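# Survey of secondary and tertiary structure
Here is what each chain is made of, one letter per residue.
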Protein chains: 2
Amino acid sequence: MIVPRLIERKRDGERLEAKEIRELVLAYAEGRVPDYQIAALLMAIYFRGLDRDEMNAFMDAMLESGKRLDLTRLPMPRVDKHSTGGVGDKTSLILAPLIASLGVAVPMMSGRGLGHTGGTLDKLESIPGFRTSLSIAEAEKQIARIGCAMLSQTDEIVPADRKIYALRDATATVEVIPLIAASIMSKKISESLTGLVLDIKRGSGSFLPKLDDELELANAMIDLGVRHGCPVVALVTAMDRPLGHANGNALEVAEAIAVLKGGGPPDLIEVSLALGAEMLVLATLATTREAAHVMMKDAISSGRALLKFEEIVSAQGGDPAVVRDPSGFQPAPFQASFDAKREGVVQSIDPRAIGYGVIALGGGRRNMEESVDPSVGFVITAKPGIHVRKGQTLATIHARSKEDVEVGRSTLEQAMVIGDSALPALPLVSHRVTARGVERLA
Amino acid sequence: MIVPRLIERKRDGERLEAKEIRELVLAYAEGRVPDYQIAALLMAIYFRGLDRDEMNAFMDAMLESGKRLDLTRLPMPRVDKHSTGGVGDKTSLILAPLIASLGVAVPMMSGRGLGHTGGTLDKLESIPGFRTSLSIAEAEKQIARIGCAMLSQTDEIVPADRKIYALRDATATVEVIPLIAASIMSKKISESLTGLVLDIKRGSGSFLPKLDDELELANAMIDLGVRHGCPVVALVTAMDRPLGHANGNALEVAEAIAVLKGGGPPDLIEVSLALGAEMLVLATLATTREAAHVMMKDAISSGRALLKFEEIVSAQGGDPAVVRDPSGFQPAPFQASFDAKREGVVQSIDPRAIGYGVIALGGGRRNMEESVDPSVGFVITAKPGIHVRKGQTLATIHARSKEDVEVGRSTLEQAMVIGDSALPALPLVSHRVTARGVERLA
């Protein structure tokens, strides 16, 4: 294998063979190819792309570089959900216990906050004692026992992906659809799933601003799933405004618990149940999405979904008391209301500004060394399209200091626009993508 | 300086500011930016290019990373010649002593063989005892004393260029015109020249196959020269066949000495004197190229040029006896003639095949660890366009073993084509490029 020659061929728009990609990725994972050659190759891929076979070879090599969760001996179907990342998106916290409570194994491997978005691991760790760094053996045992584990990617799982992801982050080669697809799917395929539901975020708060790119990403991941015997269904959902009301780690856990108790914001419920219905149909526990909705509502109203969340929290060392009573979360020292300066209609709430605002309050990381304050954030009860009076409370700021309250206030002033009339907003769930094609839902 | 953001901007086709490029290149030279980020940037530059200001900033930063030859106190003009690389190209060996013998300081910093081409340093080292690794102080002293030094790039001179060049070689980012231009010119500007002549090779044996690219490279280097007070004249010369007869290190030195003695192949004389005339006019020692030709012919016929070469060889530890009598070179153990298999016209002699053939005989490197046998190579007396009889000797093979003679024979069989009629060949000197534009000479 002459690495400069492989780089040159990709640079010149040629295809690389599956066995060349395999050899290269494995050699890189083992430290036999230097970072700088892979960095040059990644930039060549940025400009030239990877076709479906190349992408698949890339993912297979990443999978081969590590170990998998072995869940194939479990009697239940195994389904996970993955989101491309948004602001206020706490659907994982709802769906893992809800779907597990209905008899589906949910091996949920999640990430930390990235860019302006929050991460499921950071949110879970706002529960006192909750431990997300399970070993493969621990996760396998817990899933066999209670049907769900919510964990971080360990060093054992797709190490080549960890290494390549870190390199992409440092070399401006993150935004490459086949590399994004291979990275996400390598982790999901390593969970030995029988089905996967993707939440493809759309709009100004998503990582890929163009709908075409999002559909291409969905199709790429569906293709990788099909090649590995894992059917994939993708829903395109709105991220032109934050999802739900709560933004910030503990605030979002509390809101997820509210949904598991039968309450919570309608938009969050709608997106969660739409994704959950796809999970249940993929798991063949429901024959239609309508039937799945009935099952999920029953799991919530009966308390089974909430009980499952308590079980998960207990199993992973967390304090189940906060599940029963979220007021047990340590609140931020300062709370302040944010009120409308004029009468009118809420025209927009910029999710990126809100996401970065949470980070500014200390609720996210500017670099990997920073720790996260779980208590801070925003609860934005106003939604785009609603009519507000002057002085009406639109949001509550949760902050560590008086100075931070002002930081939060200026964030909200910039992020929330009130005007004379409503502006068009994206439909909450707009497209459904499967191996058979794209279906427009709204 | 956020390096991924700089990479991203270049990736997206934006310009980088001079001070950004300076900071980045100097940080890289000092080891404060990792190879992999520069590798990604170089690949982005491959696709997006560098404009003239960016290229200039790149070169300035490389210059700033090291020391220069300080020749500004010398009373004479200081002129060098640089070739983009060819096969059988020994004009440096002729021009350094010839032009120095006429009162021009020639600080000639050269390279080793690269790809299929030979290198001036390897050729010089075929002279027993000749030392090319002079320190800056040694080179300055020698040039002050005898007007010329022929040396390798030291660790002190443009270290950023050495580092970036090695990285480009390993990451398939060599063929980028502004980077080639900045790399060459950084070394030339570090010689504190008052003028520079470029020999831009054209044809199948050159590194850039398209004339347009060669003219672009010439213009880029002229622009860098102008910005640093160093006027540059470029000649485009033929490299669709080897230059002269000799190919191989000692064989080429002997041929250069033959020219300095008033003999040698006509094509080699013509190209050498064309380049030399430009050097003398740039040095303002001749007002016209015709006058320069008269001066050079006189320096050769009077023996002054040859004497200057003896002085250089002595000064750098070499044995001047071989200059007076090149038969003093240790010959290769085996010599064999290569004869025409049919009557006809020599249609072509492929310079790449000849260059790689010399390497196959042991006269060049396949990797940087290999040593070079100075004695081996080819002396090809036949030229494209000449009529040959069956059995007529076309070339002599100089080899280390009988097996290598056969390797040489098969090289020549593939490289030399005899047909029924002559094919068109490139004019020896076809274009002259200056800051004022391109002049077609033939």
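For clarity, every value in this text was computed on a predicted model and none was experimentally measured. (Residues numbered from 1 in each chain as written. Chains lettered and ligands numbered in written order. Predicted model: local features only at pLDDT ≥ 70, side-chain atom pairs only at ≥ 80, totals over all residues. Heavy atoms only, no water.)

## A closer look at the overall build of chain A
Stated precisely, the cut-off is as follows: Secondary structure is summarised from DSSP: a helix means a run of H or I of at least four residues, a strand means a run of E of at least two, and numbering begins at the N terminus for each. To get the radius of gyration, use the C-alpha atoms; to get the globule rule, take the number of residues to the power 0.38 and multiply by 2.2 Å. Relative accessibility thresholds used throughout: buried, under 20% of the residue-type maximum; exposed, over 50%; partly exposed, between the two (1.4 Å probe, protein chains only). Note on contacts: a residue pair is in contact if any heavy atoms of the two residues lie within 4.5 Å.
From N to C terminus, chain A includes 17 helices and 14 strands. Computed over the C-alpha atoms, the radius of gyration of chain A is 22 Å, within 12% of the 22 Å expected from 2.2 N^0.38 for a compact globule of 442 residues. Along the longest, intermediate and shortest principal axes, the C-alpha atoms of chain A span 70 × 45 × 40 Å. Within chain A, the proportion of its 442 residues that are buried is 58%. Considering only residue pairs separated by 6 or more positions, chain A has 77% of its internal contacts joining residues 24 or more positions apart.

## Focus: the relation of the copies chain B and chain A
Condition: To superpose the copies, least squares is applied to the C-alpha atoms of every residue with a pLDDT of at least 70 in both.
For the pair chain B and chain A, the best superposition has an RMSD of 0.1 Å and corresponds to a rotation of 179° with a translation of 0.0 Å parallel to the axis. Both chain copies can therefore be described as sitting about a two-fold axis. Scanning chain B for the C-alpha nearest the rotation axis identifies tyrosine 36 of chain B, at a separation of 1.9 Å. Comparing interface residues between copies, 100% of those in chain B also sit at the interface in chain A, which points to an isologous, same-surface contact.

## Quick notes on the interface of chain B and chain A
The test is simple: The term buried area means the drop in 1.4 Å probe accessible area that two parts suffer when joined, counted for both and summed. The term salt bridge refers to a pairing of a side-chain nitrogen on Lys or Arg with a carboxyl oxygen on Asp or Glu at a separation within 4 Å. Residues adjacent in sequence count toward polar contacts only when both atoms are side-chain atoms; beyond that, a polar contact is any pair of N or O atoms within 3.5 Å, and within protein one must be able to donate a hydrogen and the other to accept it. Residues are grouped as follows: Ala, Val, Leu, Ile, Met, Phe, Trp, Tyr, Cys and Pro are nonpolar; Asp, Glu, Lys and Arg are charged; all remaining types, including Gly, are polar.
Listed by partner, the interface residues are 22 residues for chain B and 22 residues for chain A. Interface of chain B and chain A: buried area, both sides summed, is about 1,800 Å²; carbon and sulfur atoms make up 70% of it. Contact with chain A buries surface across chain B, with Arg11, Tyr36 and Phe47 of chain B losing the most and accounting together for 36% of the total. At the junction of chain B and chain A, the tally comes to 2 salt bridges. On the surface where chain B and chain A come into contact, there are 8 residue pairs in polar contact (both at pLDDT 80 or more). When residues of the side of chain B that touches chain A are assigned to their parent elements, the largest contribution, 10 residues, is made by helix 3 (residues 35-48) of chain B. Among the residues forming the side of chain B that touches chain A, the class breakdown is 12 nonpolar, 3 polar and 7 charged.

## Remarks on the packing of aromatic side chains
Note the cut-off: Ring pairs are drawn from Phe, Tyr and Trp, using the six-membered ring of Trp, whenever the two centres fall within 6.5 Å, and their geometry is named by plane angle: stacked under 30 degrees, edge-to-face over 60, tilted for the rest.
Under the counting rule described, the total for this entry stands at 3 aromatic pairs over all chains. Look at tyrosine 46 of chain A and phenylalanine 47 of chain A: their rings are 5.3 Å apart centre to centre, the planes differ by 75°, and that puts the pair in the edge-to-face class. Take tyrosine 46 of chain A: its relative accessible area is 24%, and that puts it in the partly exposed class. Classification of phenylalanine 47 of chain A as partly exposed rests on a relative accessible area of 24%. Pairing phenylalanine 47 of chain A with phenylalanine 47 of chain B gives two aromatic rings, centres 4.3 Å apart and planes at 10°, and the pair type is stacked.

## Description of the sheet that holds strand 8 (residues 344-349) of chain A
Residue and element names in this part refer to chain A. In plain terms, the rule: For two strands to be treated as a pair, DSSP must find at least two bridges joining them.
Read across the open sheet, the 3 strands follow the order 10-8-12; overall the sheet is antiparallel. If you trace the sheet from one side to the other, it starts and ends with strand 10 (387-388) and strand 12 (416-419), each paired once. Bridge count for strand 8 against strand 10 is 2 bridges, and the pairing is antiparallel. Bridge pairing links valine 345 to histidine 387 in strand 10.

## Observations concerning the state of the cysteines
Here is the rule: Any cysteine sulfur atom paired with another within 2.5 Å is treated as part of a disulfide.
Tallied over the full model, the rule gives 0 disulfides over all chains. A disulfide-free cysteine, cysteine 230 of chain B has its sulfur positioned 16 Å from the sulfur of cysteine 148 of chain B, the nearest such atom.

## As for the side chain of serine 183 of chain A
Mapped onto the elements of the fold, serine 183 of chain A is located in helix 9 (residues 177-189). Once you skip the residues sitting within four places of it in the chain, serine 183 of chain A turns out to touch Met62, Asp161, Tyr165 and Arg168 of chain A.

## Considerations on the nonpolar core
Soluble, globular proteins show a tendency: their nonpolar side chains are buried together. Selection criterion: Only buried residues count toward a nonpolar core. Its members are Ala, Val, Leu, Ile, Met, Phe, Trp, Tyr and Cys residues joined through side-chain atoms within 4.5 Å.
Core analysis: the largest hydrophobic core is formed by 139 residues, its most contacted members being Phe58 of chain A together with Phe58 of chain B. Not counting residues within four places of it along the chain, the set of residues in contact with phenylalanine 58 of chain B comprises Ile21, Val25, Ile45, Leu50, Ile164 and Leu179 of chain B. Listed in part, the 80 residues of the second largest apolar core include Leu102, Cys148, Val197 and Leu268 of chain B.

## Thoughts on helix 12 (residues 266-282) of chain B
All names here are of chain B. The line we're drawing: Expected span of a helix: the number of residues minus one, times 1.5 Å.
The end-to-end C-alpha distance of helix 12 is 24 Å, a good match for the 24 Å that 17 residues give at a rise of 1.5 Å each. Taking burial as the measure, the 17 residues of helix 12 include 13 buried ones, the bulk of the element. Looking one or two residues past helix 12, threonine 284 carries a phi angle of roughly 60°, positive in sign.

## Regarding the pairing of strand 13 (residues 429-434) of chain B
Residue and element names in this part refer to chain B. In terms of burial, strand 13 is a largely internal element, 6 of the 6 residues being buried. Bridging between strand 13 and strand 14 (residues 437-440) involves 4 bridges; their strand directions are antiparallel. The partner of arginine 432 across the bridge, within strand 14, is glutamate 439. Turn length for the strand 13-strand 14 hairpin, with the two strands adjacent in sequence and antiparallel, is 2 residues.

## So, the pairing of strand 13 (residues 429-434) of chain A
Inspection of the sheet shows strand 5 (residues 232-238) of chain A paired to strand 13 of chain A by 4 bridges, in the antiparallel sense. Bridged to leucine 235 of chain A within strand 13 of chain A is arginine 432 of chain A.

## Considerations on the side chain of glutamine 392 of chain B
Residue and element names in this part refer to chain B. Within the secondary structure layout, glutamine 392 lies in the loop between strand 10 (387-388) and strand 11 (393-399). Here arginine 389 takes part through its backbone nitrogen, which lies 3.0 Å from a polar atom of the side chain of glutamine 392. If we skip the residues at most four places from it in the chain, glutamine 392 touches Phe338, Asp339, Ala340 and His387.

## Focus: empty space enclosed by the protein
Residue and element names in this part refer to chain A. Rules: Grid spacing is 1 Å over the protein atoms alone, the probe is 1.4 Å, and a cavity is where that probe fits but cannot get out, while a pocket is an open set with protein on both sides within 12 Å along at least five of seven lines and lining residues have an atom within 4 Å of a point. Grid points are joined across faces, edges and corners, and a volume is the space filled by probe spheres set on the points.
If you walk through the whole model with that rule in mind, you get 2 cavities of 30 Å³ or more. Quantified by volume, the largest cavity comes out at close to 50 Å³. Taken together, Leu24, Val25, Tyr28, Ile38, Leu41, Leu42, Ile45, Phe58 and Ile164 make up the lining of the largest cavity. Where the lining of the largest cavity is concerned, the elements lending two or more residues are helix 2 (18-29) and helix 3 (35-48). Sorting elements by how many residues they give to the lining of the largest cavity places helix 3 first, with 4 residues. Among the residues forming the lining of the largest cavity, the class breakdown is 9 nonpolar, no polar and no charged. Here the second largest cavity defines a volume of roughly 40 Å³.

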